[in-house]
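# A look at the structure
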Amino acid sequence: MPGPTFTTLEPGGDNALAVTLGVLGDEWNLWILRSALLGARRYGDWIARGPISHAVLTARLGRLTEAGLFEKVAYQQEPVRHEYALTARGRSVWPVLVSMWAWEQRWSADAGARLPRRRHTTCGQLFVPRLVCDACGAPADAHDVTVRTGPSGERSRCVPAATGRRRSGRAARTPDVVPHTMELVGSRWSAALLGSAHLGATRFGEFAEQMGAPPAVVTDRLRRFTELDVLAPRPHPDRADWVTYHLTDKGLAFFPVIACMVAWGQRWFNAPEGPALEAVHLGCGAPFLPRLVCDRCDGTLHAATVAIEDAAGEDG
Ligand SMILES: [Zn+2]
Ligand SMILES: [Zn+2]
């Protein structure tokens, strides 16, 4: 069997971050992937699991297959019927989902019942993932990692082309599984603001420049992120009429989700010029790659040792 390989992106086109946001910044895609990790393989499995429409499911499965997360496999001849098997690329989304669920659970009061439970089969306990540096094993949070843009990291390449996110729109029904996460990564400008904040922007002008967004959009997103308690305004020490925006504990705690998303994207989608982001772990000086460990036993979590269990009443 050939080893899992990455996709080479178009020179000068969407980089790994844009592709990742297009795939994982969509709540239906996350719901479909979550159901697949819980065992869904056939079209009817997803229909039976939740309120997804045929049109949405068909479109999303097609897109996820095109992006290499599923592979269509015939399970029956005459008539031929297919099922959707997660590829190595699709299965390796689990650290992103597990990090999102942990963040939702910690920071949103009503999240618990919606989220699947995560058990570490090595120690048998329900766990909360902890982010560590893969090179040295030391805990890593937003302050322990420096990030700079790489050769394919130009701003215009970091969001899907043509504002490419095909959102179902606010009016359409969404599974509402990770609503707070979607506020941060589910639209182009929110993701850009979040990225800018984690890259060190604090002033309005810095956000506007890093996001490449019109001022009204920056104002609107800053207001929303403040309402969400992801950013907090602070008076500037030198100028009373300046306000700076800083990541709150809740905003900083989203770092593992970002780290896992970026690592997944850069593992599977390579721009020919090089990575979009280059991160270094300050503790050991090595290029930073995320690893998740179990908070109960400190063991490294692997796809094979993370059991995802349906939450009670998920389909109710
Ligand atoms: Zn390290
Ligand atoms: Zn454990």
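Residue numbers restart at each chain and count upward from 1, following the sequence in its written direction. To label them, take the chains in the order written and letter them from A, then take the ligands in the order written and number them from 1. Reporting of local features is limited, given that this is a predicted model, to residues whose pLDDT is at least 70; pairs of side-chain atoms are given and counted only at 80 or more, and all residues count toward the totals for whole chains, interfaces and linings. To get the side-chain values, take all heavy atoms of the structure and skip hydrogens and water.

## A short note on the overall build of the protein chain
Heads up, the condition is: Every helix listed is a DSSP run of H or I at least four residues long, and every strand listed is a run of E at least two residues long, numbered separately from the N terminus. For the radius of gyration, the atoms used are the C-alpha atoms, and the globule rule reads 2.2 Å times the number of residues raised to 0.38. Relative accessible area decides the class of each residue, using a 1.4 Å probe on protein chains only: under 20% of the type maximum gives buried, over 50% gives exposed, and in between gives partly exposed. The contact definition used throughout considers only heavy atoms, calling two residues in contact when any of these lie within 4.5 Å. Here the Shrake-Rupley method, with its probe set to 1.4 Å, supplies the accessible areas, and only the displayed protein chains count as covering residues. His is not counted, nor are the chain ends, whereas Lys and Arg count as positive and Asp and Glu as negative. The atoms used to mark charge sites are NZ of Lys, CZ of Arg, CG of Asp and CD of Glu.
A tally of helices and strands in the protein chain yields twelve helices and 13 strands. Taken against the 2.2 N^0.38 rule, which gives 20 Å for 316 residues, the C-alpha radius of gyration of the protein chain at 20 Å falls within 12% of a compact globule. The dimensions of the protein chain, computed from C-alpha atoms along their principal axes, are 75 × 45 × 40 Å. Out of the 316 residues belonging to the protein chain, those deemed buried represent 44%. Long-range pairs, those at least 24 residues apart, make up 68% of the contacts in the protein chain between residues at least 6 apart in sequence. Accessible area for the protein chain stands at about 15,100 Å²; split by element, carbon and sulfur atoms hold 53% of it. Positive and negative side-chain charges in the protein chain, numbering 35 and 33 respectively, have mean positions lying 3 Å apart.

## As for the sheet that holds strand β5 (residues 125-126)
Sheets are built from strands paired through backbone hydrogen bonds, the pairs being either parallel or antiparallel. What counts is decided by this rule: One bridge is not enough; two strands pair if DSSP finds at least two bridges between them. Orientation is described by lines fitted to C-alpha atoms, with helices fitted over the stretch in contact, and by angles between N-to-C directions that extend from 0 to 180 degrees.
Within the open sheet, the three strands sit side by side as β5-β4-β13. Their pairing is antiparallel. In the strand order of this sheet, the two ends are held by β5 and β13 (306-309), each with one partner. Pairing analysis gives two bridges linking strand β4 (residues 117-120) to β5, with the strands arranged antiparallel. Bridged to histidine 120 within β5 is glutamine 125. Across the sheet, helix α6 (residues 94-107) touches β4 and β13, and the angle it forms with β4 is around 120 degrees.

## A closer look at the packing of aromatic side chains
Two numbers describe a pair of aromatic rings. These are the distance of the centres and the angle of the planes. Definition in use: Only rings of Phe, Tyr and Trp enter the pairing, Trp through its six-membered ring, and a pair is recorded when the two centres are within 6.5 Å. The plane angle decides the type: under 30 degrees is stacked, over 60 is edge-to-face, the rest tilted. By definition here, charges over rings are those cases where NZ of Lys or CZ of Arg is within 6 Å of the ring centre and within 35 degrees of the ring normal.
Applying the stated criterion to the full structure yields eight aromatic pairs. On the numbers, 6.2 Å between centres and 80 degrees between planes, the contact of phenylalanine 70 with tyrosine 84 is edge-to-face. Highlighted residues: phenylalanine 70 in strand β2 (residues 70-76) and tyrosine 84 in strand β3 (residues 81-86), separated in sequence by 14 residues. As far as burial versus exposure is concerned, phenylalanine 70 and tyrosine 84 are alike and both buried. Among the aromatic residues, those joined into a cluster by ring pairs are Trp46, Phe70 and Tyr84. In this structure, arginine 42 is placed above the aromatic ring of tyrosine 75, and the distance from its NZ or CZ to the ring centre is 3.6 Å. Across the ring face of tryptophan 268, the terminal group of arginine 267 is positioned such that the distance to the ring centre comes to 3.8 Å.

## Here's the deal with the side chain of glutamate 27
Cut-off, in case you're wondering: For the purposes of these results, a polar contact is taken to be a pair of N or O atoms within 3.5 Å, where, inside protein, one atom must be able to donate a hydrogen and its partner to accept one; residues adjacent in sequence count only when each atom of the pair is a side-chain atom.
Tracing the sequence through the fold places glutamate 27 in helix α2 (residues 27-37). By relative accessible area, glutamate 27 is classed as buried at 9%. One polar contact links the side chain of glutamate 27 to the main-chain amide nitrogen of valine 177, over a distance of 2.7 Å. At a separation of 2.9 Å, a polar atom in the side chain of glutamate 27 contacts the main-chain amide nitrogen of valine 178. Those residues in contact with glutamate 27 that sit more than four places away from it in its chain are Thr174, Pro175, Asp176, Val177, Val178, Pro179 and Met182.

## Some words on the coordination of the zinc ion (ligand 1)
Definition in use: Only nitrogen, oxygen and sulfur atoms within 2.8 Å of the metal, or 3.2 Å for Na, K and Ca, are treated as donors, and water is left out, so sites may look incomplete. Between 85 and 135 degrees for all angles marks four donors as tetrahedral; over 155 degrees for opposite donors together with 65 to 115 for all other angles marks four donors as square planar and six as octahedral; every other arrangement is irregular.
The zinc ion (ligand 1) binds to the protein through Cys133 (SG), Cys136 (SG), His281 (ND1) and Cys284 (SG); the donor distances cover 2.1 to 2.3 Å. Its four donor atoms give the zinc ion (ligand 1) angles of 102 to 118 degrees at the centre, a pattern that matches the tetrahedral case. Going along the chain, you hit the donors of the zinc ion (ligand 1) in the pattern C-x2-C-x144-H-x2-C. Highlighted residues: cysteine 133 in strand β6 (residues 129-133) and cysteine 284 in the loop between β11 (277-281) and β12 (290-294), separated in sequence by 151 residues.

## Some points on the coordination of the zinc ion (ligand 2)
Coordination of the zinc ion (ligand 2) by the protein comes from His120 (ND1), Cys123 (SG), Cys294 (SG) and Cys297 (SG), over a distance range of 2.0 to 2.4 Å. Coordination at the zinc ion (ligand 2) is tetrahedral: its four donor atoms span angles of 98 to 116 degrees at the metal. Mapping the donors of the zinc ion (ligand 2) onto the primary sequence yields the spacing H-x2-C-x170-C-x2-C. Residue cysteine 123 is located in the loop between β4 and β5, and its partner cysteine 297 is located in the loop between β12 and β13; the two are separated by 174 residues in the primary sequence. Residue class for cysteine 123 comes out partly exposed when judged on its relative accessible area of 28%.

## Regarding the confidence of the model for the protein chain
Short version of the rule: One confidence number per residue, pLDDT, is output by the predictor and ranges from 0 to 100.
A residue-level look at the protein chain finds 93% of positions with pLDDT of 70 or above and a mean pLDDT of 91. Low pLDDT, under 50, characterises residues 162-171; the stretch is placed with 14 contacts to residues that sit more than four places away or in other chains.

## Topic: the packing of α6 against helix α12 (residues 255-268)
Two packed helices can be described by the angle between their axes and the distance between those axes. Using the following cut-off: Should an angle fall under 35 degrees it is called roughly parallel, over 145 degrees roughly antiparallel, and 65 to 115 degrees roughly perpendicular, with every other angle called oblique. What makes a crossing left-handed is the near helix being turned counterclockwise from the far one by less than a right angle; a clockwise turn instead makes it right-handed.
Axis separation between α6 and α12 bottoms out at 9 Å; the angle between their running directions is 165 degrees. Judged by the inter-axis angle, α6 sits roughly antiparallel to α12. Pair α6 / α12 crosses with left-handed handedness. Counted together, Pro95, Val96, Ser99, Met100 and Trp103 of α6 and Pro256, Val257, Cys260, Met261 and Trp264 of α12 form the full contact between these two elements.

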